[in-house]
Amino acid sequence: MASNGKVAMVTGGGQGIGEAISKRLASDGFAVAIADLNLDNANKVVSAIEADGGKAIAVKTDVSDRDSVFAAVNEAADKLGGFDVIVNNAGLGPTTPIDTITQEQFDTVYHVNVGGVLWGIQAAHAKFKELGHGGKIISATSQAGVVGNPNLALYSGTKFAIRGVTQVAARDLAAEGITVNAYAPGIVKTPMMFDIAHKVGQNAGKDDEWGMQTFAKDITLGRLSEPEDVANGVAFLAGPDSNYITGQTLEVDGGMQFH
Ligand SMILES: NC(=O)C1=CN([C@@H]2O[C@H](COP(=O)(O)OP(=O)(O)OC[C@H]3O[C@@H](n4cnc5c(N)ncnc54)[C@H](O)[C@@H]3O)[C@@H](O)[C@H]2O)C=CC1
Ligand SMILES: CC(=O)C(C)=O
C-alpha cells in the first residue's frame, strides 16, 4: 500500500461501518488512527490493516468526553506525523418508542451522537490550525436523519442535528480551507442495525437476518448495504475529488428516499 502522506482518524473504527472506513482509508494510503471505546476491537482492525501493508494505531477514546477526543487527535497527530481528516463515525442507535425515552437515555445518546461530532469538529479544527493547513471533517448521520423513522425518535433527532451542525461548520470553517460533510447510510449489516431489526415494528422478536431482509423492500437498489458500500462514499469525501464539496450529506442508502 503506497502512502498518500496523509493522516485520518476514524471514531468508532473498531467494528461495523467504522471498521470498513478505517480499512478503506488505509488502502487508499492514509495512516489511520482507530479511535474507539473498545480498544480490543480497535487493535484487531490495526492488525488487519498492518497485515495488508498499511499503517494504523488504536486509540482508546470516548467521543462523549471532549477531553478524550482532543487527546485522541493529539495522539494521532504525534504518533502518525500529521492530521488531515477526521471521520466522526461513532454513534449509538437505541430503539426508543416515543413514550419510553428516559432522561438517562437522552443524555447518553445526545452526548455520544451529537457531542461526539461537535468535539470531533473542534478538536480537528484546533489541530488543523496548529499545523497551519486545512483539512476534511466528515460525520455520520443516517437516512434516519433525512426522514423520521418509526421508533427511533431519540436517534433520528441526533442524526438531524448532525446535518445541521455540518452545514453551520462548513460555513464557519470554509475560509480556513476546511470542508465539512456528512454521510447518511441506509440499512447496513452491522451489529447496530441487527439489534434495531430485532426490536422494531413487524420485525420484533424475529430472527435478525429475517428482520434485516424486511427492510430491503424499501431500498431502490433492492439489497441491504454492506459496510464497504458506505466506506466507498466516505473515501470519496476524504479524498481530493471532493475538494469543491462542503456542507453536504452524501446519502449512501441504495435510494431509500424514493419510497
Ligand atoms: N448500521 C446502520 O444501518 C447505520 C448506521 N449509521 C451510523 O453509522 C455509524 C456507525 O454505525 P455502526 O457501524 O452500525 O455501529 P456499531 O454499533 O456496529 O459500531 C459502533 C462503534 O462505535 C464505538 N463506540 C460507541 N460508543 C462510543 C464512544 N462513546 N466513543 C467511542 N467509540 C464508541 C463502538 O465501540 C463500536 O466500535 C453510527 O454513527 C450510526 O448511527 C447510520 C445509518 C445506518
Ligand atoms: C440505524 C439507522 O441509522 C437507521 C435504521 O436508519
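Structure's up top.
Source: prediction; values computed, not measured.

Novice: Explain the environment of Val 32 here, please?
Specialist: Along the chain, the position of Val 32 falls in strand S2 (residues 31–36). Taking the relative accessible area as the measure of exposure, Val 32 reaches 0% and is therefore buried. Separated by 23 residues in sequence, Val 32 and Met 9 place their C-alpha atoms 5.6 Å apart. Excluding anything up to four places from it in sequence, Val 32 contacts Ala 8, Val 10, Ser 22, Leu 25, Ala 26, Lys 55, Ala 56, Ile 57 and Leu 80.

Novice: Can you help me understand the packing of aromatic side chains in this one?
Specialist: For any two aromatic rings, the description comes down to two numbers: the centre-to-centre distance and the angle of the planes. Tallied over the full model, the rule gives two aromatic pairs. On the numbers, 5.9 Å between centres and 40° between planes, the contact of Phe 83 with Phe 128 is tilted. Within this pair, whereas Phe 83 is found in the loop between helix H3 (66–80) and strand S4 (85–88), its partner Phe 128 is found in helix H4 (residues 103–131), the two being separated by 45 residues in sequence. Exposure remark for Phe 83: the relative accessible area of 0% places this residue in the buried category.

Novice: What should I look at first to understand the sheet that holds strand S6 (residues 178–185) in this one?
Specialist: Taken in spatial order, the seven strands line up as S3-S2-S1-S4-S5-S6-S7 in an open sheet, and their pairing is parallel. Looking at the sheet topology across the chains shown, the edges are occupied by strand S3 (56–60) and strand S7 (249–252). Along the sheet, successive strands turn relative to each other by an average axial angle of 20°, direction set aside. Here strand S5 (residues 135–140) pairs with S6 via six bridges, running parallel.

Novice: What should I look at first to understand the site of ligand 1 in this one?
Specialist: In the vicinity of ligand 1 lie 28 residues, with Asp 36, Asn 89, Tyr 155, Val 188 and Thr 190 positioned nearest. Here an oxygen atom of ligand 1 sits 2.5 Å away from a polar atom, N or O, in the side chain of Tyr 155. At the level of elements, helix H1 (16–27), helix H5 (153–173) and helix H6 (191–199) are the ones that each hand at least two residues to the shell around ligand 1. Of all the elements, H6 adds the most residues to the shell around ligand 1, at three residues. Here the residues of the shell around ligand 1 sort into 14 nonpolar, 11 polar and three charged.

Novice: Would you explain helix H8 (residues 227–238) in this entry?
Specialist: In an α-helix, one turn spans 3.6 residues; hence positions three or four apart end up facing the same way. The terminal C-alpha atoms of H8 lie 16 Å apart, and with 12 residues this matches the ideal 16 Å at 1.5 Å per residue to within 8%. Here H8 has its buried residues at Pro 227, Val 230, Ala 231, Gly 233, Val 234, Ala 235, Leu 237 and Ala 238. Elements in contact with the buried residues of H8: H1, S4, S5, S6 and S7.

Novice: Help me understand the pairing of S3, please; the structure alone is not making it clear to me.
Specialist: Side-chain direction in a regular strand flips from residue to residue, so the side chains alternate between the two faces of the sheet. In terms of burial, S3 is a largely internal element, four of the five residues being buried. Two strands pair when backbone bridges link them, and S2 and S3 are joined in this way by five bridges, in the parallel orientation. When the bridges of S3 are listed, Asp 36 appears paired with Lys 60. Remark: the S2/helix H2 (residues 39–51)/S3 crossover connection has right-handed handedness.

Novice: What am I meant to see in the pattern of salt bridges here?
Specialist: Side-chain pairs of opposite charge can arise whenever the charged atoms involved come near each other. Throughout the structure, instances matching the rule amount to six salt bridges. Note that Lys 23 is salt-bridged to Glu 19, the shortest N-O span being 2.7 Å. Of this pair, Lys 23 and Glu 19 are both found in helix H1, four residues apart, which corresponds to roughly one turn of the helix. On the basis of relative accessibility, which here comes to 23%, the residue Glu 19 falls in the partly exposed class. Between Lys 189 and Glu 226 there is a salt bridge; the shortest N-O distance is 2.7 Å.

Cut-offs used in this document
- Residues numbered from 1 in each chain as written.
- Chains lettered and ligands numbered in written order.
- Predicted model: local features only at pLDDT ≥ 70, side-chain atom pairs only at ≥ 80, totals over all residues.
- Heavy atoms only, no water.
- Helix = DSSP H or I, 4+ residues; strand = E, 2+ residues; numbered from the N terminus.
- Buried < 20%, exposed > 50% of the residue type's maximum accessible area, 1.4 Å probe, protein only.
- Contact = heavy atoms within 4.5 Å.
- Phe/Tyr/Trp six-rings, centres within 6.5 Å; stacked < 30°, edge-to-face > 60°.
- Pairing = 2+ DSSP bridges.
- Axes fitted to C-alpha atoms, helices over the stretch in contact; angles between N-to-C directions.
- Near = heavy atom within 4 Å.
- Polar contact = N/O pair within 3.5 Å; in protein donor to acceptor, adjacent residues only side chain to side chain.
- Nonpolar A, V, L, I, M, F, W, Y, C, P; charged D, E, K, R; others polar.
- Expected span 1.5 Å × (residues − 1).
- Right-handed = clockwise from strand over helix to strand, strands pointing away.
- Salt bridge = Lys/Arg side-chain N within 4 Å of Asp/Glu carboxyl O.

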